[in-house]
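Residues per chain, in single letters:
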Protein chains: 2
Amino acid sequence: MSATTTVVILMAMAEEAAPIIGELGLVRNGRLLATPLPMVVYEGCVDDLFIALVVNGVDERFGVANVGTQPAVLSAYVAIQQYNPDLIINAGTAGGFGQRGCQIGDVYISAGSFKFHDRRIPLPGYTEYGIGSYPAENTTAMAQALGLKQGAISTGNSLDKTHTDLDMMGVCDADVKEMEAAAIAWVAWLYGKPMIALKAITDLVDSPVRPEEQFVDNLAAASENLCQKVVEVLHYYTEDGPALSLRHKLPAIYA
Amino acid sequence: MSATTTVVILMAMAEEAAPIIGELGLVRNGRLLATPLPMVVYEGCVDDLFIALVVNGVDERFGVANVGTQPAVLSAYVAIQQYNPDLIINAGTAGGFGQRGCQIGDVYISAGSFKFHDRRIPLPGYTEYGIGSYPAENTTAMAQALGLKQGAISTGNSLDKTHTDLDMMGVCDADVKEMEAAAIAWVAWLYGKPMIALKAITDLVDSPVRPEEQFVDNLAAASENLCQKVVEVLHYYTEDGPALSLRHKLPAIYA
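For every chain, the first residue of the written sequence is number 1, and numbering continues from 1 onward in sequence order. Chain letters and ligand numbers both follow the written order, the letters beginning at A and the numbers at 1. With the structure being a predicted model, the display of local features is reserved for residues of pLDDT at least 70 and the display and counting of side-chain atom pairs for 80 or more, all residues being used for whole-chain, interface and lining totals. As a convention, hydrogens and water are excluded, and side-chain values are obtained from all of the structure's heavy atoms.

### Here we look at the relation of the copies chain A and chain B
Moving on, step 1. We superpose the copies by least squares over the C-alpha atoms of residues that have a pLDDT of at least 70 in both of them. The transform that puts chain A on chain B rotates by 180° and translates by 0.0 Å along the axis, for an RMSD of 0.0 Å. In symmetry terms, the pair is related by a two-fold rotation axis. Among all residues of chain A, the minimum C-alpha distance to the rotation axis is found for Gln 70 of chain A, at 2.9 Å.
Moving on, step 2. Of all interface residues in chain A, 100% are interface residues in chain B too; the two copies therefore contact each other through one and the same surface. We call two residues contacting when some pair of their heavy atoms lies within 4.5 Å.

Structure follows, in structure tokens:
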């Protein structure tokens, strides 16, 4: 790999990724992440950024996308091995909280740290380990520049939620509830890779309408909004021209 | 790697693994699964079997073991890459159900398929994907030969359980509740690797005593019982002498 700045975009579902792949003109690279791994990779460039977008692929038994934290871990690991990225972006759809000002179609950028709301381990040290609190890049300047909402993201393996889940999301001070970010953030943290997440809202957690109904109704529109913001974020990182490396904008620890 | 039959044993906690490492005289191999991965590998032989025991290691921020499904996925993946095993054994401790005849200290061997009880995704195809139902080796003959209880194992990322978790364990027809097996089974299934699990019971899910209290009280004794049964299982696979490959005892699909 040359000195080109490399951005890996990790996504769970093909439906979420399709607008971005089209907008950026990314091309499938069939040689990478070979069988039997289900992940699918698309590559291309945005100005001086080399982009590798990894979609988690399909579970061949049930014909559905490999959503959730287990495929997310594997996808993050193999993408880091393959591309040694300068930045990891987890892009996808998510639930939000109407009572916290969230609206369907909003696109949030990660703030604070990445937490789990479904790993309850009430033993000393394990409680905090379960929640995770993996580091996220500071996105405040970018959020202001691009008009993005910032939000704390919490992760769990269910699309629905129990009362206990809601309590734990309160502990996490979550603005956004989704199914992959903290798992990716764990692997990113192990490898010292900076990470941000962009999440487009398909459903309101505090709505009386079931999340799966909202999700199905809003997936396509939210994915379009997500695409627009992912492209803006990529251009933000290159706005000073091709000579400017992404590394110049990252904290010194990664320089 | 030679034609030696290779068994990978995946374990979450050092406390669970210590008796087995001691009993089998396994030696730490510091060159493998290098930094920054937290996993720790011990190697050795049992008759004609080459054994690689992988412990998930410690989270350096909180000083606790990397329990749960996210490290389990990564451990399974890197162990398969490193060792290309003929068999994967997930050994550990777990909860059981008194009303299903389980007692503290029992060691169960996996039966049926490996399921998740905390991945609730109520959309067509995704419900079944969430539960997983990854294949487990048929262990009936071995269970009878070694006097092991057979049980269906369900996996989730919490040590405690909600009413919803209990309902889902019912859907899974679970005898044993633990935190890694189904995640490992997903990776094993991707790579066509036969897998069994051995789980020693530290706590009864349907006891009025909190699981974390039972767990702490019974971890050491359960880990000793687990060690005894892991050793018996390894000897079972070699009981006809060093000339008999493990493959001879596995289904034809793996031969």
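### Some words on helix H2 (residues 69-83) of chain A
All names here are of chain A.
Moving on, step 1. When the terminal C-alpha atoms of H2 are compared, their 21 Å separation across 15 residues agrees well with the 21 Å that a helix rising 1.5 Å per residue should span.
Moving on, step 2. Relative accessibility under 20% of the residue-type maximum defines a buried residue, over 50% an exposed one, and the middle range a partly exposed one, all with a 1.4 Å probe and only protein chains included. Secondary structure elements are taken from DSSP: a helix is a run of H or I of four residues or more, a strand is a run of E of two residues or more, and numbering for both begins at the N terminus. Burial analysis of H2 places 13 of its 15 residues in the buried class, which makes it a mostly covered element.
Moving on, step 3. With its phi angle positive at about 40°, Asn 84 sits one or two positions after the end of H2. By definition here, a helix of n residues has an expected span of 1.5 Å times n minus one.

### With respect to the confidence of the model for chain A
All names here are of chain A.
Moving on, step 1. Confidence of the predictor at the level of single residues is captured by pLDDT, which takes values from 0 to 100. Overall, the prediction assigns chain A a mean pLDDT of 91, with 91% of residues at 70 or greater.
Moving on, step 2. In the model, residues 241-255 has pLDDT below 50 throughout and makes 26 contacts with residues more than four positions away in sequence or in other chains.
Moving on, step 3. Complex prediction metrics read pTM 0.94 and ipTM 0.93.

### Re the environment of Glu 60 of chain A
Moving on, step 1. Among the secondary structure elements, Glu 60 of chain A is positioned in the loop between strand S5 (58-59) and strand S6 (64-65).
Moving on, step 2. Sequence-wise, Glu 60 of chain A and Val 230 of chain A are 170 residues apart; in three dimensions their C-alpha atoms are separated by 29 Å.

### Comments concerning the interface of chain A and chain B
Moving on, step 1. Taken together, the 52 residues of chain A in the interface contact 52 residues of chain B.
Moving on, step 2. Considering only the surface of chain A that becomes buried against chain B, Gln 70, Arg 120 and Tyr 129 of chain A emerge as the three largest contributors, covering 16% of it.
Moving on, step 3. A salt bridge links Asp 165 of chain B to Arg 120 of chain A, with the nearest nitrogen and oxygen atoms 3.0 Å apart.
Moving on, step 4. In protein, a polar contact requires one atom able to donate a hydrogen and another able to accept it; more generally it is a pair of N or O atoms within 3.5 Å, and residues adjacent in sequence count only if both atoms are side-chain atoms. Counting across the interface, chain A meets chain B through 20 residue pairs in polar contact (both at pLDDT 80 or more).
Moving on, step 5. Elements with a minimum of two residues in the side of chain A that touches chain B: S6, H2, helix H3 (126-131), helix H5 (163-171), helix H6 (181-190) and helix H7 (211-237) of chain A.
Moving on, step 6. A per-element tally of the side of chain A that touches chain B places H2 of chain A first, with seven residues.
Moving on, step 7. Ten residue types, Ala, Val, Leu, Ile, Met, Phe, Trp, Tyr, Cys and Pro, are classed as nonpolar, four, Asp, Glu, Lys and Arg, as charged, and the remainder, Gly among them, as polar. A per-class count over the side of chain A that touches chain B returns 31 nonpolar, ten polar and eleven charged. Here the quantity called buried area is the accessible surface, traced with a 1.4 Å probe, that two parts lose on coming together, added over both. Here, a salt bridge means any side-chain nitrogen of Lys or Arg that lies within 4 Å of a carboxyl oxygen of Asp or Glu.

### Comments concerning the packing of H2 of chain A against helix H6 (residues 181-190) of chain B
Moving on, step 1. Here an angle of 0 to 180 degrees is reported between the N-to-C directions of two axes, which are lines fitted to C-alpha atoms, with helices fitted over the stretch in contact. Where H2 of chain A meets H6 of chain B, the closest approach of the two axes is 10 Å, and the angle between their N-to-C directions is 60°. Relative to H6 of chain B, the element H2 of chain A lies oblique. Our pair here, H2 of chain A against H6 of chain B, has a crossing hand that is right-handed. Across from Gln 70, Pro 71 and Leu 74 of chain A in H2 of chain A, the residues of H6 of chain B making contact are Ala 183, Trp 186 and Leu 190 of chain B.
Moving on, step 2. The residue inventory of the contact of H2 of chain A with H6 of chain B, partitioned by class, reads five nonpolar, one polar and no charged. Orientation labels follow simple angle bins: below 35 degrees gives roughly parallel, above 145 gives roughly antiparallel, 65 to 115 gives roughly perpendicular, and whatever is left gives oblique. Crossings are sorted by hand: turned counterclockwise from the far helix by less than a right angle, the near helix makes the crossing left-handed, and turned clockwise it makes it right-handed.

### Considerations on the pattern of salt bridges
Moving on, step 1. Applying the stated criterion across every chain yields a total of 20 salt bridges over all chains.
Moving on, step 2. Put simply, Lys 199 of chain A and Glu 178 of chain A hold a salt bridge, and the shortest N to O gap is 2.7 Å. Here Lys 199 of chain A, found in strand S14 (residues 195-204), pairs with Glu 178 of chain A, found in strand S13 (residues 176-178); they are 21 residues apart in sequence, far enough to count as distant.
Moving on, step 3. Take Lys 199 of chain A: its relative accessible area is 0%, and that puts it in the buried class.
Moving on, step 4. Under the relative-accessibility criterion, Glu 178 of chain A is labelled buried at 2%.
Moving on, step 5. Glu 232 of chain B serves as the salt-bridge partner of Lys 229 of chain B, at 3.5 Å between the closest nitrogen and oxygen.

### A short note on the pairing of strand S9 (residues 113-116) of chain B
If a strand is regular, its side chains alternate between the two faces of the sheet.
All names here are of chain B.
Moving on, step 1. Every second residue of S9 is oriented toward a common face, with Ser 113 and Lys 115 on one face and Phe 114 and Phe 116 on the other, all of them buried.
Moving on, step 2. Summarising the sheet, S9 and strand S12 (residues 153-155) pair through two bridges and their orientation is parallel. Its bridge partner lying in S12, Lys 115 is registered against Ser 154. Think of it this way: DSSP has to see at least two bridges between two strands before they count as a pair.

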